[in-house]
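Listed below, chain by chain, are the residues.
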Amino acid sequence: MSLNLEEHYDKIYRYCYFKLHNREQAEDITQETFLRYLKHYNCLTTSSALKCLYTIARHLCIDAYRKDHPTQSIDYLDHSESMEDDLITKLSIKGALANLSPMEQELLLLRYVNELPVSTLCKLYDLSRFTIYRKLLSASNRFREELRK
């Protein structure tokens with residue numbers, strides 16, 4: 001079974017953007033991730049390929065972050081009420097996420113935003129299914145708690 005790379009391109013991009021908070025860098029690293037994957041690992045099975053893609057992306061993000069510490073920015077495109085509400089919601093979510101550990105943030109992103117199956121998370125982190133479920137539950141509960149504050 002081969003991996004449909006187009007299906008996972010946006011997910012890897014979101015992962016990189018989550019890590020770097022910089023669109024251009026996330027785009028570059030996403031492209032570099034797929035280039036490296038195609039050059040070295042293209043013959044892997046689907047589950048191994050996903051682990052490989054996320055591992056490559058994680059390492060490239062770490063390298064980029066160490067290189068120049070990107071700054072976070074919020075694009076103010078419009079000052080309408082709905083945009084203000086969206087901004088408040090985004091800031092609330094961002095604040096709640098900031099109070100979680102990096103591992104919890106990453107798990108929530110991979111599972112609920114990128115919709116990675118638990119089995120893939122198990123392989124990615126070399127943890128048991130039970131441990132992943134427990135960590136996801138704990139992270140979800142902490143996130144809800146932070147949003148209530």
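Refer to the structure above for everything that follows.
Since the model is a prediction, treat every value here as computed from it, not as a measurement.

Participant: Give a detailed account of the nonpolar core, specifying residues and quantitative values.
Facilitator: For soluble globular proteins, nonpolar side chains are generally found buried alongside one another. Formed by 31 residues in total, the largest nonpolar core has its most connected members in Leu 110, Leu 121 and Ile 132. Listed by contribution, the elements that provide at least two residues to this core are helix H1 (5-20), helix H2 (23-40), helix H3 (46-68), helix H5 (102-113), helix H6 (118-125) and helix H7 (129-148). In this structure, Ala 96, Leu 100, Leu 108 and Ala 139 belong to the second largest nonpolar core, which totals five residues.

Participant: Please give an account of the packing of aromatic side chains that cites residues and values.
Facilitator: All told, the structure shown has three aromatic pairs when counted by the stated rule. Between Tyr 13 and Tyr 17 the ring centres are 6.3 Å apart and the planes differ by 25°, which places this aromatic pair in the stacked class. Here the residue Tyr 13 and the residue Tyr 17 both occupy positions in helix H1, the gap between them amounting to four residues, near one helical turn. Relative to Tyr 54, the ring of Tyr 15 has its centre 5.3 Å away and its plane inclined at 90°; by these criteria the two rings are edge-to-face. Note that Tyr 15 is positioned in helix H1 and Tyr 54 in helix H3, a separation of 39 residues in sequence. Each member of the pair, Tyr 15 together with Tyr 54, is buried.

Participant: Which residues make up the packing of H1 against H5, and what are the values?
Facilitator: Axis separation between H1 and H5 bottoms out at 11 Å; the angle between their running directions is 155°. In terms of axis orientation, H1 runs roughly antiparallel to H5. Both H1 and H5 take part in a crossing whose hand is right-handed. Here Arg 14, Tyr 15, Phe 18 and Lys 19 of H1 lie close against H5, whose contacting residues are Gln 105, Glu 106, Leu 109, Leu 110 and Val 113.

How each quantity is defined
Residues numbered from 1 in each chain as written. Predicted model: local features only at pLDDT ≥ 70, side-chain atom pairs only at ≥ 80, totals over all residues. Heavy atoms only, no water. Core = buried A, V, L, I, M, F, W, Y, C linked by side-chain atoms within 4.5 Å. Buried < 20%, exposed > 50% of the residue type's maximum accessible area, 1.4 Å probe, protein only. Helix = DSSP H or I, 4+ residues; strand = E, 2+ residues; numbered from the N terminus. Phe/Tyr/Trp six-rings, centres within 6.5 Å; stacked < 30°, edge-to-face > 60°. Axes fitted to C-alpha atoms, helices over the stretch in contact; angles between N-to-C directions. Parallel < 35°, antiparallel > 145°, perpendicular 65-115°, else oblique. Left-handed = near helix turned anticlockwise from the far one by under 90°. Contact = heavy atoms within 4.5 Å.

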